[in-house]
Amino acid sequence: MDIIPKPTLLTPNEGRFDLTHDTRIYVTPASVEAMNIGEYLGERLRPATGFALPATPTASAPSFGHIYLSLIDTDAALGEEGYALRVGAEGVTLTAHRPAGLFRGIQTLRQMLPPAIEQRAEQPGPWSLPGVEIRDVPRFSWRGAMLDVSRHFFGVEDVKRYIDHLAYYKVNRFHLHLSDDQGWRIEIKAWPKLTEIGGSTQVGGGPGGFFTQEQYAEIVRYAQSRYIVVVPEIDMPGHTMAALASYPELSREGIMPSLYTGTDVGMSSLNTRSNFTYQFIEDVIREIAELTPGPFIHIGGDEAYKTSEADYVAFIERVQGIIERHGKIMVGWEEIAKARLLPQTVVQFWRGHPSSMALARRAVEQGARIIMSPASRAYLDMKYDRTTPLGHTWAGFVEVQTAYEWDPVGMNMELVEDNIIGVEAPLWSETARTLDDAEYLAFPRLAGINEIGWSCAAGRTWEEYRGRLAAHGPRFAMMGIDFYRSPQVIWPV
Ligand code: IFG
């Protein structure tokens, strides 16, 4: 089987089960949430099979020949996202301790069916599931993907499709990079020029765009229904040229910032000594916190080259207090570890500088947890190799094997498992203009990086994965993903 991420424990058995016209998706309990999950499974399987596959509430396990989703009297050791899946001649039984676990198990079920199941038009069967016993629990609680909608703007439908890809790989954090030098992408009612002006362009001078608060809420709901927590990022004090061009009073005196459509970094800074700036931040954080049910708000903090060290530290500590007052947990790129952090704060490691190690240690000493996003392994905007038309090279070439063959506890960062909250694959969009560009850069690498976040470290090898990835390749194609056919993998057809 070509399941990605690889399940913790999988034992084949001699049974097999074919979906038929009569197959039902029985669900217990008959709660709205459990029934919604059953209906989601039905929606994924109906187009290709042409079967009704009705989600049907039940009080007990069905008789022969059906799919049974159950949340009752299950094993608490499965935790928030774990699940147990049995396929035999009698049918399918998927149990979990929590609804997210059922949802994660459904992705495994999808990947056990023939790849044609992902087609949206009816296909010839049979729709066979191989007999198996699976017990699967994730290694890390943060398995993320970041999409930069600032450098190039991606609309709601594109973002929803990207979220669907993330759900398929059991990703549970969607980090949305909503502001940067080239664009401000989220409506803030108290500061309308942020989108009127700051949202009006993008890298290369295109029309830009932005999410209204209703559209952002729609994205959050869509992610939530896939058990994915949206982590909004408002980057500060650097990467703020779009905000400064919208409200020059946010800049230090005498600077007249203008809209920026290039791809340099590190040239902007909020005026970190002005109370006007903190009123701005208070309003932005308040409005975004109200729209974000998830516990996290990312404040960026990267590449603040135009902010003095002392000003930067004071700024981060003051913003951390604002985030906390709004009942949220602050996330930031590794540089925030220069400041005094609250123990719940999350620090996202991204560079491979010698200073990075010291910053990671400072973060850990303060009780903060680390998201590992090493650019040399996990940055999806790095070229695969010198022939890749899109992407950067500053962190090196990142072929599929490079993106897979690392471990968050390794990376000679002197970190231990408990210091790490998880992994995340950022996709910066300076060179990705369309969703097709983004999918080309993201796949296959995103699948492998999230296997690192989900699967056991022990015994995980590139040699085994490259064979499984090859067999998995047709699933990318059936989902309409224009993925990179790495020469490192022997793709079928
Ligand atoms: N570094 C910048 C990003 C982006 C990236 C492109 C971080 C945290 C280079 N900051 O990565 O804005 O420009 O690879």
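Scroll up to find the structure this text is about.
These lines cover the structure that appears in this document, whether it is placed above or below.

The rules we used
- Residues numbered from 1 in each chain as written.
- Predicted model: local features only at pLDDT ≥ 70, side-chain atom pairs only at ≥ 80, totals over all residues.
- Heavy atoms only, no water.
- Near = heavy atom within 4 Å.
- Polar contact = N/O pair within 3.5 Å; in protein donor to acceptor, adjacent residues only side chain to side chain.
- Areas by Shrake-Rupley, 256 points an atom, 1.4 Å probe, with all protein chains shown as cover.
- Nonpolar A, V, L, I, M, F, W, Y, C, P; charged D, E, K, R; others polar.
- Helix = DSSP H or I, 4+ residues; strand = E, 2+ residues; numbered from the N terminus.
- Core = buried A, V, L, I, M, F, W, Y, C linked by side-chain atoms within 4.5 Å.
- Buried < 20%, exposed > 50% of the residue type's maximum accessible area, 1.4 Å probe, protein only.
- Contact = heavy atoms within 4.5 Å.
- Salt bridge = Lys/Arg side-chain N within 4 Å of Asp/Glu carboxyl O.
- Pairing = 2+ DSSP bridges.
- Right-handed = clockwise from strand over helix to strand, strands pointing away.

## Brief notes about the site of the ligand
Item 1. In the vicinity of the ligand, 14 residues are found, and the nearest of them are Asp302, Tyr379, Asp381, Trp394 and Glu430.
Item 2. Trp394 places a polar side-chain atom, nitrogen or oxygen, 2.8 Å from an oxygen atom of the ligand.
Item 3. The separation between an oxygen atom of the ligand and a polar side-chain atom of Glu430 is 2.6 Å.
Item 4. When isolated, the ligand has an accessible area of 350 Å², and the protein chains bury 97% of it.
Item 5. Residues belonging to the shell around the ligand are distributed by class as follows: seven nonpolar, two polar and five charged.

## Here we look at unusual backbone geometry
Item 1. With an omega of 5°, the peptide bond running from Thr28 to Pro29 counts as cis.
Item 2. Omega for the peptide link from Gly125 to Pro126 comes to -5°, which places this bond in the cis form.
Item 3. Inspection of the secondary structure assignment puts Pro126 in the loop between α2 (99-112) and β7 (128-136).
Item 4. Located in the positive-phi region is Asp73, a residue other than glycine, with phi close to 25°.

## Observations regarding the nonpolar core
Item 1. Residues Tyr162, Phe174, Trp184, Phe211, Phe280 and Ile281 are the most contacted members of the largest nonpolar core, which totals 154 residues.
Item 2. Looking at which element gives the most residues to this core, the answer is helix α7 (residues 275-291), with eight residues.
Item 3. With sequence-adjacent residues up to four places away left out, Phe174 is seen in contact with Ala145, Leu147, Val159, Tyr162, Ile163, Leu166, Ile228, Val229, Val230 and Val231.
Item 4. Listed in part, the eight residues of the second largest apolar core include Ile329, Val331, Val346 and Ile421.

## Points about the environment of Asn172
Item 1. Tracing the backbone through its elements, the reader meets Asn172 in the loop between α3 (156-168) and β9 (173-180).
Item 2. Considered as a pair, Asn172 and Glu282 are 110 residues apart in the sequence and their alpha carbons are 28 Å apart.
Item 3. What Asn172 contacts, discounting residues up to four positions off in sequence, is Glu81, Arg104, Ser141, Trp142, Arg143, Tyr227, Ile228 and Val229.
Item 4. At 2.7 Å, the side chain of Asn172 and the backbone oxygen of Ser141 are in polar contact.

## Brief notes about the pattern of salt bridges
Item 1. In this structure the tally under the stated criterion is 30 salt bridges.
Item 2. Put simply, Glu80 and Arg98 hold a salt bridge, and the shortest N to O gap is 3.3 Å. Residue Glu80 is located in the loop between β4 (66-70) and β5 (83-88), and its partner Arg98 is located in the loop between β6 (91-96) and α2; the two are separated by 18 residues in the primary sequence.
Item 3. Taking the relative accessible area as the measure of exposure, Glu80 reaches 46% and is therefore partly exposed.
Item 4. Given the relative accessible area of 37%, Arg98 is considered partly exposed.
Item 5. A salt bridge links Lys160 to Glu218, with the shortest nitrogen-to-oxygen separation between them at 2.7 Å. A residue pair is termed long-range when its members are at least 10 positions apart, and Lys160 in helix α3 and Glu218 in helix α5 (residues 213-224) qualify at 58 residues.
Item 6. Classification of Lys160 as buried rests on a relative accessible area of 14%.
Item 7. Taking relative accessible area as the criterion, Glu218 reaches 26% and is therefore assigned partly exposed.
Item 8. By sharing partners, the salt bridges in this structure join Arg139, Asp407, Glu417 and Arg460 into a single network.

## Comments concerning the environment of Glu157
Item 1. Mapped onto the secondary structure, Glu157 falls in helix α3.
Item 2. Sequence spacing of Glu157 and Gly352 is 195 residues, and the spatial spacing of their C-alpha atoms is 34 Å.

## Considerations on the pairing of strand β14 (residues 346-349)
Item 1. Of the two faces of β14, the one holding Val346 and Gln348 and the one holding Val347 and Phe349 are both buried throughout.
Item 2. Of the strand pairs in this sheet, strand β13 (residues 329-333) and β14 are connected by three bridges, and their pairing is parallel. Residue pairing in the sheet places Trp333 in a bridge with Gln348 of β14.
Item 3. As paired strands, β14 and strand β15 (residues 369-372) are joined by four bridges and run parallel to one another. By the bridge assignment for β15, Val347 is matched with Ile370.
Item 4. A crossover connection joins β14 to the parallel β15 through helix α9 (residues 354-365); in handedness this β-α-β unit is right-handed.

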